[in-house]
There are 2 protein chains.
Amino acid sequence: MAATNAAHAAHATSIDALVKEVTRVNGNADPEELTQLQEQLEQLRISDLIRIVERTNANRGAMVMRLLNRARFLAVFDALDPNHQADIVQALGSEATAEYFDQLGPEDRAQLLDELPAEIAEEMLLALDPDEKDATFTVLGYEKGTVGRYMSPEVPDIYPEYTVDEALTLLREIADEVETIYTLPVVEHDRKLVGVTSLKRLFTAQGSQTVGELIDDPVFAYATDDAEETVRWFLPLDLLAMPVVDESDRLVGMFTFDDAHDIQEREDSEDSARSGASEPLNRPYLSTPVLALVRSRIVWLAVLAVSALLTVQVLDTFESTLEKAVVLSLFIPLLTGTGGNTGNQAATTVTRSLALGDVRRRDIAQVMWREVRVGLVLGTALGVAGFLLAWAVYGLPIGIVIGSTLVLVCTMSATVGGAMPIIAKTVGADPAVFSNPFITTFCDAAGLIIYFLIAKSVLGL
Amino acid sequence: MAATNAAHAAHATSIDALVKEVTRVNGNADPEELTQLQEQLEQLRISDLIRIVERTNANRGAMVMRLLNRARFLAVFDALDPNHQADIVQALGSEATAEYFDQLGPEDRAQLLDELPAEIAEEMLLALDPDEKDATFTVLGYEKGTVGRYMSPEVPDIYPEYTVDEALTLLREIADEVETIYTLPVVEHDRKLVGVTSLKRLFTAQGSQTVGELIDDPVFAYATDDAEETVRWFLPLDLLAMPVVDESDRLVGMFTFDDAHDIQEREDSEDSARSGASEPLNRPYLSTPVLALVRSRIVWLAVLAVSALLTVQVLDTFESTLEKAVVLSLFIPLLTGTGGNTGNQAATTVTRSLALGDVRRRDIAQVMWREVRVGLVLGTALGVAGFLLAWAVYGLPIGIVIGSTLVLVCTMSATVGGAMPIIAKTVGADPAVFSNPFITTFCDAAGLIIYFLIAKSVLGL
């Protein structure tokens with residue numbers, strides 16, 4: 001292992017040196033050096049090339065890509081996020097990238113077009129081969145966020161009355177024109193979907209059997225279905241692809257595992273960013289300009305700071321209590337912190353469960369009832385410990401205040417933390433947004449009120 | 001859309017009713033009612049059945065699964081997490097599940113075995129068909145967390161000198177015995193991997209061509225490679241499968257997209273749980289007992305509460321300052337909250353980038369330099385706003401204290417938040433653990449020190 005890691009590190013360092021070299025040589029444009037660099041780049045695996053481009057800004061990334069041959073350029077380009085692809089297209093110019101644009105799947109092309117400035121998008125669309133243009137427009141015809149937007153409309157026409165031999169002959173001819181020949185939709189002549197078969201199934205059957213004998217009830221989605229929800233049930237089935245139909249059950253495309261995976265990954269990145277109170281970057285961190293990082297954070301930070309003014313307000317209200325017992329202020333960060341942590345724990349768990357489809361909106365009562373109990377157990381455990389510690393150091397009354405505050409704050413925070421993401425989803429907001437940061441702020445303010453009310457009554461202030 | 005949602009809701013309600021019915025009838029065991037229920041369950045799609053089992057505890061889930069036919073049982077069982085599978089096996093008994101165990105892929109079986117009590121695991125292994133037993137032991141022979149543990153050792157033997165027709169004939173015979181016939185490793189007679197081809201490629205070639213003419217340089221992994229790191233570069237390539245080799249480059253198995261996806265999803269769930277300061281549940285939320293939820297949270301919560309004692313300590317040190325200017329305590333939650341949020345933003349972004357492989361350990365200096373600048377911009381923006389507000393309400397000196405504290409706290413928090421996940425990774429800890437909660441606690445204590453030092457010097461206390 002140690003030896004492998006060392007080798008890996010050496011390899012990685014040479015890659016960094018290579019990128020610097022590419023940038024330097026591009027500046028000089030010495031043809032000999034360029035050829036040499038090109039040869040070095042040819043030694044690298046595609047996965048390393050992808051990593052190189054993802055770890056540098058778009059201009060440098062474009063310089064590296066310009067040195068790749070056609071097939072490798074396409075393989076790298078294909079693996080980038082649509083946002084990042086758009087940056088590269090703009091860095092290289094639409095003319096230089098037109099030929100690669102033609103090679104993308106219609107669904108990938110549609111997503112790249114969404115990210116390009118209208119002018120460039122139009123130019124690139126105009127230069128497309130008519131068939132590809134049609135396929136792209138089919139995909140663009142569906143709303144953003146629907147399955148239709150992520151499907152490939154390039155599907156074979158296989159009818160149930162075909163013999164296996166007929167079907168295999170057809171597939172051999174059109175193998176390069178359709179999205180996949182491994183998962184095969186079977187349709188009636190009006191394009192109504194009747195079932196699904198696979199190349200494996202046809203390939204191992206008797207040539208004289210009909211396709212109709214070899215089909216299963218299809219797992220399928222409607223083109224207008226929400227893509228994220230569809231991915232949630234599609235991915236656990238471990239299927240390569242499934243047919244997509246319109247509202248009259250007519251086949252319109254195929255939805256494949258790789259697009260499903262991209263959707264899920266983007267959603268996970270979004271959830272992760274939002275639960276940390278920032279907007280998703282939609283491009284790799286190191287290739288994002290510093291000001292774009294600031295933009296992704298400033299709004300949330302400001303909103304949270306403004307809502308934190310609530311805590312100033314609460315404390316202002318209890319200022320006389322604080323003046324009488326300054327010792328109370330010592331526990332403020334501990335109590336608000338513990339409340340925030342308990343709330344975050346619940347919110348994070350529920351947000352993830354919503355994302356995986358394990359929990360749904362109408363489960364809110366069940367979730368809250370679970371969290372009340374979880375919060376009570378957690379609060380009691382911490383409350384007893386807090387009571388004993390505070391009693392020992394600051395005396396019995398403070399011990400009672402701290403202990404009972406912890407019980408109540410934990411119970412409240414867990415319950416609110418569990419409910420918030422579901423409420424957010426119900427009102428159409430992103431559950432992750434309403435999870436951690438907002439819950440922290442809310443629990444801070446509510447926790448302080450609980451704290452001072454208990455303190456006032458116990459200490460008789 | 002509205003109509004679809006209503007239909008969906010009605011459908012969902014009837015599913016809940018169905019599960020209740022299954023539980024009730026299982027209690028009664030009236031054969032007629034059972035048959036009726038079985039028929040109702042047969043109407044449901046596999047994805048709905050999976051959802052039913054995932055949303056209920058293992059005992060109830062097992063009751064539902066007992067009513068399914070063999071193929072559907074297997075489809076549902078296959079889609080569950082290994083942990084959840086183990087719960088179901090224990091609920092149904094090892095005898096009842098032995099036949100399904102036989103049908104799992106060797107890699108899925110190995111993971112299920114890891115989750116079962118040793119006794120049951122042994123019983124189930126003993127009952128296995130000898131070939132399947134061998135394949136399972138091959139997988140179990142690799143360390144947990146390596147690619148070998150997730151590969152299928154069931155691969156075809158295809159040699160470069162085979163003609164396409166010979167290869168296709170072989171594949172037709174062994175189609176059901178190997179993991180996949182779509183992505184095909186090609187080996188020498190000593191099993192050294194020479195390349196990869198695909199069924200599509202063979203299928204569209206001339207029958208008299210040799211396989212050797214149709215191979216590409218393989219994308220492959222070593223069986224001892226770290227599975228999570230491998231998945232990071234494998235998934236963006238959108239491949240169905242890739243060969244896995246041993247240290248002498250001999251083919252030992254195939255690694256497929258569905259296992260890759262499971263690994264990634266589990267890692268994302270882990271990151272999400274840890275960034276919310278809890279341990280991953282490894283089973284769906286609603287099927288997790290309340291005490292298991294408590295267990296997943298109590299340790300982190302206690303550790304964080306203990307580290308928050310640091311803030312009590314800090315405030316205790318500055319108690320005399322606080323007594324002289326109680327107004328300072330009003331801003332404690334606002335300042336610590338903002339510091340925590342800034343730190344979280346940076347930590348979440350960097351943790352996600354580490355998970356996606358966009359950032360690596362040796363990028364730490366670059367990341368910190370970016371975060372210093374981001375934090376300074378954010379801090380300046382908030383600091384100016386804070387200065388103006390505090391000046392207006394509490395006078396110029398307090399305005400200066402709040403404004404300059406915000407600038408310093410934001411800069412420090414962003415830098416620490418960006419560095420912590422990378423440091424965690426370097427010392428072999430989970431970056432997500434060291435991200436949000438710990439950073440919040442750290443920023444709270446450090447922020448308070450900054451605050452009171454500034455306050456003391458500005459207010460001359």
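Residues numbered from 1 in each chain as written. Chains lettered and ligands numbered in written order. Predicted model: local features only at pLDDT ≥ 70, side-chain atom pairs only at ≥ 80, totals over all residues. Heavy atoms only, no water.

The name given to chain A in an unreviewed UniProt entry is Magnesium transporter MgtE, with the source organism recorded as Corynebacterium cystitidis DSM 20524. In its Function (unreviewed entry) section, UniProt records this for chain A: "Acts as a magnesium transporter." Turning to chain A, the UniProt record has this under Sequence similarities (unreviewed entry): "Belongs to the SLC41A transporter family." (UniProt positions renumbered as here; feature names shortened; annotations may be inferred.)

Peer 1: Whenever I open this one, the nonpolar core confuses me. Can you help?
Peer 2: For soluble globular proteins, nonpolar side chains are generally found buried alongside one another. One finds Phe331 and Tyr451 of chain A together with Phe331 and Tyr451 of chain B to be the most contacted residues of the largest nonpolar core, which totals 102 residues. When sequence neighbours within four positions are dropped, the list of residues in contact with phenylalanine 331 of chain B reads Val312 of chain A together with Tyr394, Ile398, Ile402 and Tyr451 of chain B. Counting 56 residues, the second-largest nonpolar core is a separate cluster that includes Tyr159 and Val211 of chain A together with Val178 and Ala241 of chain B. (Core = buried A, V, L, I, M, F, W, Y, C linked by side-chain atoms within 4.5 Å. Buried < 20%, exposed > 50% of the residue type's maximum accessible area, 1.4 Å probe, protein only. Contact = heavy atoms within 4.5 Å.)

Peer 1: Just checking my understanding: could you explain the confidence of the model for chain A for this structure?
Peer 2: Do not read the predicted coordinates in detail wherever pLDDT is low. Residue and element names in this part refer to chain A. Summarising the model, chain A shows a mean pLDDT of 88, and 94% of its residues fall at 70 or more. A low-confidence stretch, residues 1-10 (pLDDT under 50), is modelled with 2 contacts involving residues beyond four sequence positions or located in other chains. Interface confidence for the predicted complex, expressed as ipTM, amounts to 0.83; the pTM equals 0.84. (pLDDT = per-residue confidence, 0-100.)

Peer 1: Would you explain the UniProt feature "transmembrane region" (unreviewed entry) in chain A in this entry?
Peer 2: Residues and elements named next belong to chain A. With numbering aligned to this structure, UniProt lists the feature "transmembrane region" (unreviewed entry) at residues 298-315, 374-394, 400-424 and 436-454. A distance of 26 Å separates the end C-alpha atoms of residues 298-315, which is 100% helix and 0% strand. Annotated as 100% helix and 0% strand, the span residues 374-394 places its first and last C-alpha atoms 29 Å apart. (Helix = DSSP H or I, 4+ residues; strand = E, 2+ residues; numbered from the N terminus.)

Peer 1: Is there a simple way to explain the packing of helix α15 (residues 290-317) of chain A against helix α21 (residues 436-459) of chain A in this structure?
Peer 2: The packing of two helices is summarised by the inter-axis angle and the distance between the axes. Residues and elements named next belong to chain A. Packing of α15 against α21 brings their axes to within 9 Å, and their N-to-C directions diverge by 5°. In terms of their interaxial angle, α15 and α21 are classed as roughly parallel. Mapping the contact onto sequence places Trp300, Val303, Leu304, Ser307, Ala308, Leu310, Thr311, Val314 and Leu315 in α15 and Pro437, Phe438, Thr441, Asp444, Ala445, Leu448, Ile449 and Phe452 in α21. Classifying every residue of the contact of α15 with α21 gives 13 nonpolar, 3 polar and 1 charged. (Axes fitted to C-alpha atoms, helices over the stretch in contact; angles between N-to-C directions. Parallel < 35°, antiparallel > 145°, perpendicular 65-115°, else oblique. Nonpolar A, V, L, I, M, F, W, Y, C, P; charged D, E, K, R; others polar.)

Peer 1: Please clarify how the pattern of salt bridges should be interpreted in this entry.
Peer 2: Note that side chains of opposite charge can pair when their charged atoms are close. Evaluated as defined, the whole model comprises 28 salt bridges over all chains. Between arginine 297 of chain A and glutamate 371 of chain B there is a salt bridge, with its nearest N and O atoms 2.8 Å apart. Of this pair, arginine 297 of chain A sits in helix α15 while glutamate 371 of chain B sits in helix α19 (residues 364-394), which puts the two residues in different chains. The pair formed by arginine 297 of chain A and glutamate 371 of chain B is uniform in burial state, with each residue classed as buried. Members of the salt-bridge network, linked through shared partners, are Glu270, Arg274 and Glu279 of chain A. (Salt bridge = Lys/Arg side-chain N within 4 Å of Asp/Glu carboxyl O.)

Peer 1: Even after reading the chapter, I still don't get the interface of chain A and chain B, so can you show me in this structure?
Peer 2: You'll often see interface size given as the accessible area lost when the parts meet. The interface of chain A with chain B comprises 107 residues on the first partner and 107 residues on the second. Between chain A and chain B lies a buried interface of about 10100 Å² when both sides are counted; carbon and sulfur atoms form 62% of it. Summed over the three residues of chain A that lose the most area to chain B, namely Phe203, Tyr285 and Arg370 of chain A, the buried surface amounts to 8% of that side. There are 30 residue pairs in polar contact (both at pLDDT 80 or more) connecting chain A and chain B. In terms of residues, the side of chain A that touches chain B owes the most to one element, α15 of chain A, which gives 16 residues. In terms of residue class, the side of chain A that touches chain B is made up of 60 nonpolar, 23 polar and 24 charged. (Buried area = accessible area lost by both parts, 1.4 Å probe. Polar contact = N/O pair within 3.5 Å; in protein donor to acceptor, adjacent residues only side chain to side chain.)

Peer 1: It is not clear to me how the sheet that holds strand β5 (residues 251-256) of chain A should be interpreted in this structure. Could you clarify?
Peer 2: Residue and element names in this part refer to chain A. Taken together, 3 strands build an open sheet; the order of strands is β3-β4-β5 and the sheet is mixed. Among the strands making up the open sheet, the edge pair consists of β3 (221-222) and β5. As defined by bridge partners, β3 adjoins strand β4 (residues 241-245) across 2 bridges and the pair is classed as parallel. Note on β4: the bridge partner recorded for alanine 221 is valine 244. Contacts between helix α13 (residues 227-234) and the sheet are confined to β3, β4 and β5, with β4 contributing the most and set at about 140° to the helix. (Pairing = 2+ DSSP bridges.)

Peer 1: Could you clarify how one ought to interpret the relation of the copies chain A and chain B in this entry?
Peer 2: Both copies of the chain are tied together by a single rotation about an axis and a shift running along it. The two copies are related by a screw motion: chain A maps onto chain B through a turn of 180° and a shift of 0.0 Å along the axis, at an RMSD of 0.1 Å. Taken together, the turn and the small shift mark the pair as related by a two-fold rotation axis. The residues that chain A uses at the interface reappear at the interface of chain B in 100% of cases, marking a shared surface. (Least-squares fit on C-alpha atoms with pLDDT ≥ 70 in both.)

Peer 1: Is there a simple way to explain a nonpolar patch on the surface in this structure?
Peer 2: Residue and element names in this part refer to chain A. The grouping of Val384, Leu388, Trp391, Leu396, Ile400 and Val458 at the surface amounts to a nonpolar patch, some 510 Å² of accessible area in total. Of the residues forming the nonpolar patch, the biggest block, 3 residues, is contributed by helix α19 (residues 364-394). Looking at where valine 384 falls in the secondary structure, it is placed in helix α19. (Patch = residues over 30% accessible without salt bridge, like charges linked within 9 Å, V, L, I, M, F, W, Y side chains within 5 Å. Areas by Shrake-Rupley, 256 points an atom, 1.4 Å probe, with all protein chains shown as cover.)

Peer 1: Mind showing me how you'd approach the domain arrangement of chain A here?
Peer 2: On domain assignment, one finds that chain A holds domain 1 (1-149), domain 2 (164-265) and domain 3 (289-459). Each of domain 1 of chain A and domain 3 of chain A has a C-alpha centre, and these two points are 45 Å apart. (Domains from an automatic or database assignment.)

Peer 1: Looking at this structure, I do not really get the state of the cysteines. What am I missing?
Peer 2: The bond known as a disulfide is covalent and runs between the sulfur atoms of two cysteines. All names here are of chain A. Here the structure, examined in full by the defined rule, presents 0 disulfides over all chains. Distance from the sulfur of cysteine 410, which forms no disulfide, to the nearest cysteine sulfur (cysteine 443) is 9.7 Å. Exposure remark for cysteine 410: the relative accessible area of 0% places this residue in the buried category. (Disulfide = S-S within 2.5 Å.)

Peer 1: How should I be thinking about helix α14 (residues 257-275) of chain A in this particular structure?
Peer 2: Spacing of three or four residues puts side chains on the same side of an α-helix, whose turn is 3.6 residues. All names here are of chain A. If you check α14, its first and last C-alpha atoms are 27 Å apart, about what 19 residues at 1.5 Å a residue would give, namely 27 Å. Here α14 lies mainly inside the structure; 15 of its 19 residues are buried. A positive phi of about 65° marks alanine 277, the residue just after α14. (Expected span 1.5 Å × (residues − 1).)

Peer 1: Explanation requested: the sheet that holds strand β3 (residues 221-222) of chain B in the structure shown.
Peer 2: The strands making up a sheet are joined through hydrogen bonds of the backbone, oriented either antiparallel or parallel. Residues and elements named next belong to chain B. The strand order β3-β4-β5 describes an open sheet built from 3 strands, whose pairing is mixed. The open sheet is flanked by β3 and β5 (251-256), the only strands paired with a single partner. Contacts from helix α13 (residues 227-234) reach β3, β4 (241-245) and β5, with the element oriented near 140° to β4.

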